[in-house]
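Analysis of the macromolecular model
Letter by letter, the chains look like this.
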Amino acid sequence: MNMQDALFNWLQIRLVADARPDDRAAADTESFFAEMLRDDHKLSDFRIVRVDDDAVHIEYKIGEDTRTARYDKELAEQLLHDINANPKYNE
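All of the points below concern the structure found in this document. (Residues numbered from 1 in each chain as written. Predicted model: local features only at pLDDT ≥ 70, side-chain atom pairs only at ≥ 80, totals over all residues. Heavy atoms only, no water.)

Moving on: the pattern of salt bridges. Taken as a whole, this structure holds 7 salt bridges when the rule is applied. Two residues, Arg-24 and Asp-28, come together in a salt bridge whose shortest N-O distance is 3.0 Å. Of the two residues, Arg-24 and Asp-28 are both situated in helix 2 (residues 24-39); the distance of 4 residues between them amounts to about one turn of the helix. Put simply, Arg-67 and Asp-65 hold a salt bridge, and the shortest N to O gap is 2.8 Å. Asp-65 gets classed as partly exposed once you look at its relative accessible area, which sits at 36%. (Salt bridge = Lys/Arg side-chain N within 4 Å of Asp/Glu carboxyl O. Helix = DSSP H or I, 4+ residues; strand = E, 2+ residues; numbered from the N terminus. Buried < 20%, exposed > 50% of the residue type's maximum accessible area, 1.4 Å probe, protein only.)

Okay, here's the thing in structure tokens:
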């Protein structure tokens, strides 16, 4: 999986894990993508730094180089909306 896809997948599940702190599957999946970012893509210190009306902004490091990525807010939150809309995940 390329780095941008892995970072986006991490972002989506991070938003789910943040919104659903008792959801063990979300926490485990977030850990999986975080490990992939660290091990396969050599990222460190990746985190959501800002959410505005249109976008979610992530900051991360590769070596000593700090970079940012911007993702459409609606797309980033889609997984959370889908989970919340499915009754079997909300019992």
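What follows continues from the structure just given.
Our next topic: the packing of helix 1 (residues 3-19) against helix 2. How two helices sit against one another is set out by the angle between their axes and by the gap between those axes. Two elements in contact, helix 1 and helix 2, have axes separated by 9 Å at closest approach and are oriented at 155°. What the angle tells us is that helix 1 and helix 2 run roughly antiparallel. Remark: the crossing between helix 1 and helix 2 carries left-handed chirality. Contacts between helix 1 and helix 2 pair Met-3, Ala-6, Leu-7, Asn-9, Trp-10, Ile-13, Arg-14, Val-16 and Ala-17 from the former with Ala-26, Ala-27, Thr-29, Glu-30, Phe-33, Ala-34, Met-36 and Leu-37 from the latter. Here the residues of the contact of helix 1 with helix 2 are counted per class, giving 13 nonpolar, 2 polar and 2 charged. (Axes fitted to C-alpha atoms, helices over the stretch in contact; angles between N-to-C directions. Parallel < 35°, antiparallel > 145°, perpendicular 65-115°, else oblique. Left-handed = near helix turned anticlockwise from the far one by under 90°. Contact = heavy atoms within 4.5 Å. Nonpolar A, V, L, I, M, F, W, Y, C, P; charged D, E, K, R; others polar.)

So, about a negative patch on the surface. Taken together, the side chains of Asp-53, Asp-54, Asp-72 and Glu-74 present a region of like negative charge at the surface. Mapped onto the fold, Asp-72 is located in strand 3 (residues 65-72). (Patch = residues over 30% accessible without salt bridge, like charges linked within 9 Å, V, L, I, M, F, W, Y side chains within 5 Å. Areas by Shrake-Rupley, 256 points an atom, 1.4 Å probe, with all protein chains shown as cover. Lys, Arg positive; Asp, Glu negative; His and termini not counted. Charge placed at Lys NZ, Arg CZ, Asp CG, Glu CD.)

The next subject is the pairing of strand 3. Where strand 2 (residues 55-62) lies against strand 3, 8 bridges are found, and the strand directions are antiparallel. Across the sheet, Glu-59 pairs through a bridge with Thr-68, a residue of strand 3. The turn joining strand 2 and strand 3, which pair antiparallel and follow one another in sequence, is formed by 2 residues; a positive phi near 65° is taken by Gly-63. (Pairing = 2+ DSSP bridges.)

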